Amino acid sequence: MAAQQLSGHEKDLGGGFKVRRLLPAARRRSVGPFVFFDHFGPVTEHPGELHDVRPHPHIGLATVTYLFEGAMMHRDSLGTEQLIEPGAVNWMTAGRGIVHSERKPDHLRDRSFVNHGLQLWVALPEEKEEVEPSFVHAAAADIPEVAFGPAKARVLVGEALGVRSPVQPASPTLYLDFALPGGVLELPPLAPELAVYPISGELRLDGEAMTAHQMLVLEPGRSVRIEAAGPARFVVVGGETVGPRFMYWNFVSSRKERILQASDDWAAQRFDAVPGETEFIPLPATRFTPPEPMS
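Residues numbered from 1 in each chain as written. Predicted model: local features only at pLDDT ≥ 70, side-chain atom pairs only at ≥ 80, totals over all residues. Heavy atoms only, no water.

Caption draft 1: Inspection of the overall build of the protein chain at higher detail. Helix and strand counts for the protein chain stand at one helix and 26 strands. Taking 295 residues into account, the globule formula puts the C-alpha radius of gyration at 19 Å, and the protein chain, at 19 Å, falls close to it. Considered along the principal axes of its C-alpha atoms, the protein chain spans approximately 55 × 45 × 30 Å. The 295 residues of the protein chain split such that 53% are buried. For the protein chain, contacts bridging at least 24 residues in sequence account for 71% of all contacts bridging at least 6. Of the accessible surface of the protein chain, which amounts to about 12700 Å², a share of 49% is contributed by carbon and sulfur atoms. (Helix = DSSP H or I, 4+ residues; strand = E, 2+ residues; numbered from the N terminus. Rg over C-alpha atoms; globule rule 2.2 N^0.38 Å. Buried < 20%, exposed > 50% of the residue type's maximum accessible area, 1.4 Å probe, protein only. Contact = heavy atoms within 4.5 Å. Areas by Shrake-Rupley, 256 points an atom, 1.4 Å probe, with all protein chains shown as cover.)

Caption draft 2: Spotlight on the packing of aromatic side chains. Scanning the entire structure with this criterion turns up 13 aromatic pairs. Measuring from centroid to centroid gives 5.5 Å for Y66 and F68, while their planes differ by 80°, and the two rings are edge-to-face. Ring centres of Y66 and Y175 lie 6.1 Å apart, and the angle between their planes is 65°; this geometry places the pair in the edge-to-face category. Within this pair, whereas Y66 is found in strand 6 (residues 61-69), its partner Y175 is found in strand 17 (residues 173-180), the two being separated by 109 residues in sequence. Through a chain of ring-to-ring contacts, three or more aromatic side chains come together here, namely W249, F251, W266, F271 and F280. (Phe/Tyr/Trp six-rings, centres within 6.5 Å; stacked < 30°, edge-to-face > 60°.)

Caption draft 3: Seen up close, the sheet that holds strand 8 (residues 81-84). Across the sheet, four strands lie side by side as 5-10-7-8; this open sheet has antiparallel pairing. The open sheet has two edge strands, strand 5 (53-58) and strand 8, and neither has a second partner. Adjacent strand axes in the sheet meet at a mean angle of 25° when their direction is disregarded. With four bridges joining them, strand 7 (residues 72-76) and strand 10 (residues 98-103) adopt antiparallel strand pairing. Bridge pairing in strand 10 links D76 to H100. (Pairing = 2+ DSSP bridges. Axes fitted to C-alpha atoms, helices over the stretch in contact; angles between N-to-C directions.)

Caption draft 4: Looking closely at the sheet that holds strand 4 (residues 34-45). Taken together, the seven strands give an open sheet; going across it, the order is 2-3-4-11-6-9-12, and neighbouring strands pair in antiparallel fashion. The sheet is open, and its two edges are formed by strand 2 (9-12) and strand 12 (134-138), each paired on a single side. When the angles between neighbouring strand axes are averaged without regard to direction, this sheet yields 20°. Bridging between strand 6 and strand 11 (residues 113-123) involves eight bridges; their strand directions are antiparallel. Counterpart to V64 in the pairing with strand 11 is L120.

Caption draft 5: Up close: the pattern of salt bridges. Inspection of the entire model under this criterion finds 19 salt bridges. Between E277 and R103 there is a salt bridge, with the nearest N and O atoms lying 2.8 Å from each other. On the criterion of sequence distance, the pair formed by E277 in the segment after helix 1 (256-267) and R103 in strand 10 is long-range, its members being 174 residues apart. According to the relative accessible area criterion, R103 is buried, its value standing at 12%. What emerges from the salt-bridge pattern is a single network uniting D52, R103, D106, R109, E277 and E279. (Salt bridge = Lys/Arg side-chain N within 4 Å of Asp/Glu carboxyl O.)

Caption draft 6: Seen up close, the side chain of E129. Mapped onto the elements of the fold, E129 is located in the loop between strand 11 and strand 12. A residue is classified by how much of its surface remains accessible, and E129, at 4% relative accessible area, is buried. Within the structure, E129 has its side chain in polar contact with the side chain of R245 (distance 3.4 Å). When near neighbours in sequence (up to four residues on either side) are disregarded, E129 contacts G60, G95, R96, L124, R245, V252, S253 and S254. (Polar contact = N/O pair within 3.5 Å; in protein donor to acceptor, adjacent residues only side chain to side chain.)

Below is the structure:
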């Protein structure tokens with residue numbers, strides 16, 4: 001049963017590249033440790049279109065990138081260069097600070113292709129907010145997949161349904177990808193906080209139709225019945241909350257002073273650079289004014 005429905009809003013990241021942003025929302029700032037949820041595509045990228053995301057910084061969080069279609073080239077200030085392809089999981093821990101870019105791969109610049117995926121942020125627990133930055137890539141073939149009722153479930157992050165992902169988070173975190181060919185499954189309360197987000201197909205939750213691109217936050221401690229008349233796909237995210245967080249631009253922290261420091265450091269270009277990159281996204285003109293932390 002859904003305790004809350006989040007419709008999200010459309011956000012233009014620049015150059016006409018639009019995403020649907022479900023978290024943070026005015027009515028709900030987080031689900032478990034997830035504080036940011038962007039769904040992009042499916043959109044056809046054509047030759048000459050540049051939706052590259054120039055180098056930009058992060059602190060206090062981990063980014064999780066997962067593609068259903070397409071490809072993306074990740075580069076970061078650690079010297080990582082990783083082609084992101086469908087089914088793989090890319091987990092980048094920002095910790096005390098990292099800079100990265102996300103660009104169209106060179107081999108696709110003269111071709112049309114479909115890009116479709118999710119980018120999520122996970123707030124790090126307070127004692128790990130300032131860890132050394134790191135990057136983990138788990139290839140699609142390394143992500144465990146199990147039969148769960150009529151569905152196939154991929155455990156992208158964390159441990160559930162009897163299997164464990166090679167991507168291990170800093171706090172109890174779940175990220176699952178379900179392919180349901182039709183039929184009914186009972187989703188148990190796998191974590192203290194959980195949300196379901198439909199990707200494709202027509203789904204019903206406890207008999208109620210699920211609207212495309214709408215996130216349903218589930219009631220804690222209760223199983224739900226998910227059914228589909230035909231092929232459908234959805235993700236489940238959640239885990240244990242890490243407590244209130246301040247969030248400004250690309251920075252997440254339990255301390256407002258840390259966000260102010262990171263903002264000053266980026267404005268002065270004191271972050272480590274991405275090797276080979278000369279561009280960067282400047283700090284927003286509107287500076288951070290400490291609100292109440294997200295909870």
